[in-house]
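Single-letter residue listing:
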Amino acid sequence: MNILVFGPNGSGKGTQGAIVQKKYNMPHIESGAIFRKNIGGGTELGKAAKEYIDQGVLVPDDITIPMILDRLKEDDCKDGWILDGFPRNKVQAETLDKALKEAGMNLDYVIEIILDRDVAKLRITGRRLCVNDNNHPNHIAFDAIKPVEKEGKIVCRVCGGDLNTRPDDQDDEAIDKRHDIYYDDTVGTMAAVNYFKGIEGSNVISVDGGPSIGEVSEAIMSQL
Ligand code: AMP
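Read on for an overview of the structure.

Reading the values: the criteria
- Residues numbered from 1 in each chain as written.
- Predicted model: local features only at pLDDT ≥ 70, side-chain atom pairs only at ≥ 80, totals over all residues.
- Heavy atoms only, no water.
- Buried < 20%, exposed > 50% of the residue type's maximum accessible area, 1.4 Å probe, protein only.
- Helix = DSSP H or I, 4+ residues; strand = E, 2+ residues; numbered from the N terminus.
- Arc of directions from axis to C-beta.
- Phe/Tyr/Trp six-rings, centres within 6.5 Å; stacked < 30°, edge-to-face > 60°.
- Axes fitted to C-alpha atoms, helices over the stretch in contact; angles between N-to-C directions.
- Parallel < 35°, antiparallel > 145°, perpendicular 65-115°, else oblique.
- Left-handed = near helix turned anticlockwise from the far one by under 90°.
- Contact = heavy atoms within 4.5 Å.
- Nonpolar A, V, L, I, M, F, W, Y, C, P; charged D, E, K, R; others polar.
- Salt bridge = Lys/Arg side-chain N within 4 Å of Asp/Glu carboxyl O.
- Pairing = 2+ DSSP bridges.

## Considering helix α3 (residues 44-55)
- Three or more residues of α3 are buried, namely G46, A49 and I53. Projection of α3 onto a plane perpendicular to its axis shows the buried side chains occupying an angular sector of 80°, all on one side. For α3, exposure combined with an orientation more than 90 degrees from the buried face picks out E44 and K47.
- A positive phi of about 85° marks G56, the residue just after α3.

## Observations concerning the packing of aromatic side chains
- As enumerated under the stated definition, the model contains 2 aromatic pairs in all.
- Between the aromatic rings of Y182 and Y183, the centroid separation amounts to 5.3 Å while the plane-to-plane angle is 80°, which identifies the pairing as edge-to-face.
- On the basis of relative accessibility, which here comes to 5%, the residue Y182 falls in the buried class.
- Using a relative accessible area of 28% as the deciding quantity, one classes Y183 as partly exposed.
- Between Y195 and F196 the ring centres are 5.3 Å apart and the planes differ by 80°, which places this aromatic pair in the edge-to-face class.
- A residue is classified by how much of its surface remains accessible, and F196, at 2% relative accessible area, is buried.

## Focus on the packing of helix α1 (residues 13-24) against helix α9 (residues 213-221)
- Relative to each other, α1 and α9 sit at 55°, their axes nearing to 10 Å. Comparing the axis directions of α1 and α9 gives the class oblique. By crossing handedness, the relation of α1 to α9 is classed as right-handed. Contacts between α1 and α9 involve T15, Q16, I19, V20, K23 and Y24 from the first element and I213, V216, S217, I220 and M221 from the second.
- Residue classes in the contact of α1 with α9 are distributed as 7 nonpolar, 3 polar and 1 charged.

## Concerning the pattern of salt bridges
- Summed over the entire model, instances satisfying the criterion amount to 20 salt bridges.
- Two residues, K50 and D54, come together in a salt bridge whose shortest N-O distance is 2.4 Å. Placement of both K50 and D54 in helix α3 is noted, with a separation of 4 residues, approximately one turn of the helix.
- Accessibility expressed as a relative area gives 36% for K50, which makes it partly exposed.
- A relative accessible area of 29% places D54 in the partly exposed class.
- With a closest N to O distance of 2.9 Å, D75 and K78 form a salt bridge.

## So, the sheet that holds strand β9 (residues 163-164)
- Strand order in the open sheet formed by 3 strands is β6-β5-β9, with antiparallel pairing between adjacent strands. Looking at strand neighbours, the two that pair on one side only are β6 (138-139) and β9, the edges of this open sheet.
- Strand direction decides the pairing type here: strand β5 (residues 127-130) and β9, joined by 2 bridges, are antiparallel. By the bridge assignment, C130 is partnered in β9 with L163.

Next comes the structure, spelled out in structure tokens:
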């Protein structure tokens with residue numbers, strides 16, 4: 001099963017993607033997480049991407065598109081994947097569509113998490129990233145995924161690992177820029193969403209990202 005997940009930053013897209021991944025045991029490919037891993041590892045890709053990410057703007061397509069298309073060719077993607085954070089603009093959507101057709105890969109579902117921009121922004125600043133696993137959800141404002149205290153330190157609620165914040169999550173301007181890109185339905189991410197929604201026969205699952213993690217997950221799972 002091949003799935004695209006869309007949602008503005010702060011909509012819980014990563015959390016929901018991780019839940020789907022766990023259930024179907026497929027690779028959860030997150031473009032942002034791949035970039036952050038490369039930045040952490042000091043690779044050439046990481047160095048090239050960092051300045052864009054810190055500002056909240058898109059990493060250029062000539063870096064991002066081959067990175068994702070190559071990832072989809074890896075062995076673990078043979079039986080399905082869930083792609084999160086890509087495509088992020090219309091050009092990426094068109095390129096992905098073409099590449100999937102050329103590779104004979106079907107797109108089974110398009111999941112769209114809908115959330116008001118102001119609500120999404122409020123959610124971003126409280127999220128915390130586990131250093132051990134990007135798929136361990138932690139948020140200081142939500143009881144269900146609140147980090148825990150251990151020996152006077154706030155740590156990951158799943159594994160007890162250290163928690164980080166993303167620099168672009170604490171920068172108001174960077175958050176606004178990311179949302180400008182997401183809600184842009186001319187060339188931005190909403191244009192990519194509409195591109196895939198418009199393909200004949202596409203299975204679109206649109207859910208309200210406002211309720212709890214469990215409720216959103218149930219809404220998605222009941223339609224998958
Ligand atoms: P995310 O973790 O999805 O919020 O992504 C963090 C940052 O990585 C974004 O603000 C962009 O700078 C970059 N990024 C992630 N995905 C893409 C993409 N598909 N195209 C270009 N830049 C991306």
